[in-house]
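Each chain, letter by letter, is given below.
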Amino acid sequence: MSTFKQESIFTNYFYKFGSLVLFIIVWQLACSIKLAPETFVASPLVIVKTFLKWAGNGFLVKHSLISLTRAFYGFILAVAVGVPLGFMLGGWFKNFESLISPLLRFLGQFNPFALFSVFMLLFGLGEFSKVAMIFWVSLWPILYNASLGVKSVEPLHIKLARSMGLTRISILWRIVIPSSAAFLFSGLRQASATAFFMLIPAEMLGASRGLGWMIINAQINYQIPQLYTGTALIVGFGLLIDTLFKFLEAKVVTWRQDTGL
Amino acid sequence: MIEQHSTKGELAATPIEAQNLLSGPAVPPSKQQPEPLLRQFMGWYGIIGFLIIWQLAPMLGLCDPLFIPPPTTIGADALSLVSRGDLFIHAATSAQRALLGLVAALAVAIPLAIFLSGWLPRFTRFINPLLSLLASINPFALFPLFILLFGVGELAKFAIIFWSSLFPVLTATINGVGGVNPLLVKTAKSMGASRATIFRKVVIPASLPSLLVGLRMGATTAFLFLIAAEMLAANAGLGWLVHNSAMNNYIPRIYVGVVTIALMGLLLSFLIDRLEAVVLGYKEEVKTN
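Residues numbered from 1 in each chain as written. Chains lettered and ligands numbered in written order. Predicted model: local features only at pLDDT ≥ 70, side-chain atom pairs only at ≥ 80, totals over all residues.

**Some words on the overall build of chain A**
Condition: Only runs of H or I of at least four residues qualify as helices and only runs of E of at least two qualify as strands under DSSP, and these elements are numbered from the N terminus. In this description the radius of gyration comes from C-alpha coordinates, and the expected globular size is given by 2.2 Å times residues to the power 0.38. Burial is judged by counting the other C-beta atoms within 10 Å of a residue's own C-beta: 20 or more makes it buried, 12 or fewer makes it exposed, and any count in between marks it as partly exposed, with every C-beta position built from the backbone. Note on contacts: each residue gets a C-beta atom placed from the backbone, and two residues are in contact if those atoms are within 7 Å.
Within chain A, the secondary structure is distributed over 10 helices and zero strands. In sequence order, the secondary structure elements of chain A are arranged as α-α-α-α-α-α-α-α-α-α. Relative to the 2.2 N^0.38 estimate, which gives 18 Å for 261 residues, the radius of gyration of chain A is 23 Å and therefore markedly larger than a compact globule would have. In terms of principal-axis extent, the alpha carbons of chain A reach across some 75 × 60 × 30 Å. Residues counted as buried form 36% of the 261 residues belonging to chain A. The long-range share in chain A, meaning contacts at least 24 apart out of those at least 6 apart in sequence, stands at 72%.

**Quick notes on the nonpolar core**
Stated precisely, the cut-off is as follows: Put simply, a nonpolar core is buried Ala, Val, Leu, Ile, Met, Phe, Trp, Tyr and Cys residues tied into one set by C-beta atoms within 7 Å.
Counting residues in hydrophobic clusters, the biggest one holds 114 residues, and the most contacted among them are Met133, Ile134, Ile142 and Ala195 of chain A together with Val169, Ile227 and Ala228 of chain B. In this structure, isoleucine 142 of chain A is in contact with Ala78, Val79, Gly82, Val83, Gly86, Gly187, Leu188 and Ala191 of chain A, ignoring residues within four places of it in sequence.

**Things to note about the interface of chain B and chain A**
The cut-off we apply is this: Charged means Asp, Glu, Lys or Arg here, nonpolar means Ala, Val, Leu, Ile, Met, Phe, Trp, Tyr, Cys or Pro, and polar covers whatever is left, Gly included.
The interface is formed by 46 residues belonging to chain B together with 44 residues belonging to chain A. When residues of the side of chain B that touches chain A are traced back to their parent elements, those giving at least two are helix H4 (42–59), helix H7 (121–135), helix H8 (139–150), helix H11 (195–232), helix H12 (238–247) and helix H13 (251–279) of chain B. Looking at the side of chain B that touches chain A residue by residue, the class counts come to 33 nonpolar, 11 polar and two charged.

**Side note on the environment of aspartate 86 of chain B**
Mapped onto the elements, aspartate 86 of chain B comes out in helix H6 (residues 86–119). Classification of aspartate 86 of chain B by C-beta neighbours within 10 Å gives partly exposed; the count is 14.

**Quick look at the domain arrangement of chain A**
Using the following cut-off: Segment limits for the domains were obtained from an automatic or database-derived domain assignment.
For chain A, the domain assignment lists domain 1 (1–40) and domain 2 (44–252). Placing a centre on the C-alpha atoms of domain 1 of chain A and another on those of domain 2 of chain A gives a separation of 32 Å.

**What about the environment of proline 225 of chain A?**
Position of proline 225 of chain A among the secondary structure elements: in helix H10 (residues 224–252). Among all residues touching proline 225 of chain A, those that are not within four sequence positions of it are Ala42, Val46, Ile47 and Thr50 of chain A.

**Focus on the packing of H12 of chain B against H13 of chain B**
All names here are of chain B. Selection rule: Note on definitions: angles span 0 to 180 degrees between N-to-C directions of axes, and those axes are lines fitted to C-alpha atoms, for helices only across the stretch in contact. Our angle categories are set so that under 35 degrees counts as roughly parallel, over 145 as roughly antiparallel, 65 to 115 as roughly perpendicular, and the remainder as oblique. Crossing handedness: left-handed means the near helix sits turned counterclockwise from the far one by under a right angle, and right-handed means the same turn made clockwise.
For the pair H12 and H13, interaxial distance at closest approach is 8 Å and the crossing angle is 160°. Relative to H13, the element H12 lies roughly antiparallel. For the element pair H12 and H13, the recorded crossing hand is left-handed. Note on element contacts: H13 touches H12 through Arg253, Ile254, Gly257, Val258, Thr260 and Ile261, opposite Leu238, Leu241, Val242, Ser245 and Ala246.

**Some thoughts on unusual backbone geometry**
Across the chain, the bulk of peptide bonds are trans and the bulk of non-glycine residues have phi less than zero. Positive phi, normally seen in glycine, also occurs at tyrosine 222 of chain A, with a value near 60°. Here tyrosine 222 of chain A is to be found in the loop between helix H9 (211–220) and H10. Tyrosine 222 of chain A sits in the exposed class, given 10 other C-beta atoms within 10 Å. Even without being a glycine, asparagine 249 of chain B presents a positive backbone phi close to 55°. Looking at the element boundaries, asparagine 249 of chain B is found in the loop between H12 and H13.

**Focus: H12 of chain B**
Taking burial as the measure, the 10 residues of H12 of chain B include nine buried ones, the bulk of the element. Listing the buried residues of H12 of chain B in full gives Leu238, Gly239, Trp240, Leu241, Val242, His243, Asn244, Ser245 and Ala246 of chain B. Among the structural elements, helix H5 (112–123) of chain A together with H6, H11 and H13 of chain B are those in contact with the buried residues of H12 of chain B. Phi for asparagine 249 of chain B, located one or two positions after H12 of chain B, is positive at around 55°.

Structural data, given as structure tokens:
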């Protein structure tokens, strides 16, 4: 699809945003001429209005902060457990890894949604059950990618470093971590997406605050504008988190060449 | 004679060493021989050990057997469910829903993606940002909307599964067809192949790997969201089984449901692995460390 001819900025922007703008215009028009019934579909203008109202009265900040804090705690816990465990499994305890990896693979298969019932049972309805669920879903991508990353380290580099008399810690710091950074970051990115992703159902099932609660509450009370605005907000946050991690990845894993795929 | 032999051996060893330097680490000798029996079943020991610890912990009073029942209790409940045929009914209901949604999504996404990227590449480029935005919408966030639009019946569940598995398949297929090496198409064209032949003999086989990736992602998401949908609104199916047991505080049955769902997920990925092996039999295995 790439052309050798240099494209004008306008064409580039047209391809990047044209469909989105068109979609919003069509949506707005369909609502304006009553093609889409107001009882089911909120127009983009109504969504913006609701959004501004929420932004004004602090409703938005309150619920977003609660949701993001939950996702953050679960994610950080998963990083704190998953990265060292993955490094250990992939790097030092080969036998232990072959002993435990099928079990881990099976545990990773567990449907987080079904497990939420168990988490609620074990940890109650409070904050901890939601954090535990986010921990659980973001653990697997981090663990898996950390162990893959360690395995991808060129053994020659390690031998070389060892023959030059580097200590174990500096081998870890100077060779293992930089070599596996690409894998680590793709794990972190997947995990961050999953963490925010599963936060919503967790809040829908058992919470009285947060973004997930916001939309389920809007549905129960049949508040269509609030429902659409909440959904749009969740989409926005998801995109924001993804962009943030892409940016971080580009900053940290600078040496990796773009394959252009 | 002996000396000569050893020199020969050294000479023969050189290319192998050179190859090792090029292609990374040498294959450790233990991987070339068939593995000893003890190592082959290593993974099973892990699972068995886990089960033993799980069994012993509630019995020794390390955790509350009411909340974490030992595997034997769970197994007994599973057996009673199986003997009454209930478990089979729930599993079949879930499988049927997932398959229906997945097949519908495949039937829409694959022809649409092939049509879009094969015939309308410019339009595909135009529409791609919108598609990726729609794909990035958390289907959970759409649950309330779907229930509002389609009610709490089968249609809502079908819509959720259809929607959530549509986008992975669509994106993967568009990428696959768009990513076919133009050289292959040009070569076929210069040899006088018709459009239909190029399509059938070049484009489809070349995009099969990414199509299968899409299928795998679609099937996984379909199954994930099926359970979620059944927990929100259903009166049969594995998701309902878990939810209902939780509501009635019948704890062993929650675990039965959770394990059954995990086993079905494993079965699903095994089936797709088999399909991949059959369809992509021509592909060479990429050797990783």
